[in-house]
Amino acid sequence: MARHVFLAFVNPVPGREAEFNKWMDNFHLPEGLQNKGFVRVTRYKLSDAQFLPGDGRAQYLNMWEIESDDLASTLKAALEQQMKATFSDALDAQSTVTHVYTDISGPVSKR
């Protein structure tokens, strides 16, 4: 089974971070995991310390792990399901950026 990661860089509406996090944890992530092929999700918050300087970074990252040999169909079905999902206006949808990557090496560990 091919492995992929779907990276969603997201921000809350200013001043509504608590509401955003509650919606994300209680609605968005559980609903997203109902999509066929979506096997795991991990949420991250932007760290103060960064490897390189830069502006305009999203405050949050959702890293969805997908297992599918037909990624296009899996993503199409997820998009259709998303139209029925619970959304919060505490999400700054205009700033959301997503990327999907396919695993080409498998995990590499320190020896």
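Here, the structure is the one placed above.
Residues numbered from 1 in each chain as written. Predicted model: local features only at pLDDT ≥ 70, side-chain atom pairs only at ≥ 80, totals over all residues. Heavy atoms only, no water.

*Asks:* With reference to specific residues and values, describe the overall build of the protein chain.
*Replies:* Helix and strand counts for the protein chain stand at 2 helices and 4 strands. For the protein chain, the sequential pattern of α-helices and β-strands runs β-α-β-β-α-β. Based on the C-alpha atoms only, the size of the protein chain along its principal axes is roughly 40 × 40 × 20 Å. Relative to its full complement of 111 residues, the protein chain shows a buried share of 29%. Pairs at least 24 residues apart make up 76% of the contacts formed inside the protein chain by residues separated by at least 6 positions. A total accessible area of about 7,900 Å² is found for the protein chain, and carbon and sulfur atoms account for 55% of it. (Helix = DSSP H or I, 4+ residues; strand = E, 2+ residues; numbered from the N terminus. Buried < 20%, exposed > 50% of the residue type's maximum accessible area, 1.4 Å probe, protein only. Contact = heavy atoms within 4.5 Å. Areas by Shrake-Rupley, 256 points an atom, 1.4 Å probe, with all protein chains shown as cover.)

*Asks:* Break down the layout of surface pockets for me, with residues and values.
*Replies:* Size it by volume and the largest pocket reaches roughly 550 Å³. Lining the largest pocket we find 25 residues, and of these F6, H28, W64, Q82 and F87 sit closest to its centre. Within the residue set of the lining of the largest pocket, elements represented by two or more residues are β1 (3-10), α1 (17-32), β3 (60-67) and α2 (71-82). (1 Å grid on protein atoms, 1.4 Å probe; cavity = no way out; pocket = protein on both sides within 12 Å on 5 of 7 lines; lining within 4 Å. Points joined across faces, edges and corners; volume = space filled by probe spheres on them.)

*Asks:* An account of the sheet that holds β3 is requested, with residue identities and associated values reported.
*Replies:* As summarised here, the arrangement of the 4 strands in space is β2-β3-β1-β4, forming an open sheet in which the pairing is antiparallel. Taken across any chain shown, the strands that pair with only one partner, and hence form the sheet edges, are β2 (38-45) and β4 (97-102). On average, adjacent strands in this sheet sit at an angle of 15 degrees to one another, irrespective of strand direction. Taken together, the 7 bridges between β2 and β3 define a ladder with antiparallel strand orientation. For T42, the partnering residue across the bridge sits in β3 and is M63. Running over the sheet, α1 touches β1, β2 and β3 and is turned about 5 degrees from β3. (Pairing = 2+ DSSP bridges. Axes fitted to C-alpha atoms, helices over the stretch in contact; angles between N-to-C directions.)

*Asks:* I'd like a description of the environment of A78, backed by residues and values.
*Replies:* Note that A78 resides in helix α2. For A78 and L61, which are 17 residues apart along the polypeptide, the C-alpha to C-alpha distance reads 18 Å. Beyond its immediate stretch of four places on either side in the chain, A78 contacts N35 and F38.

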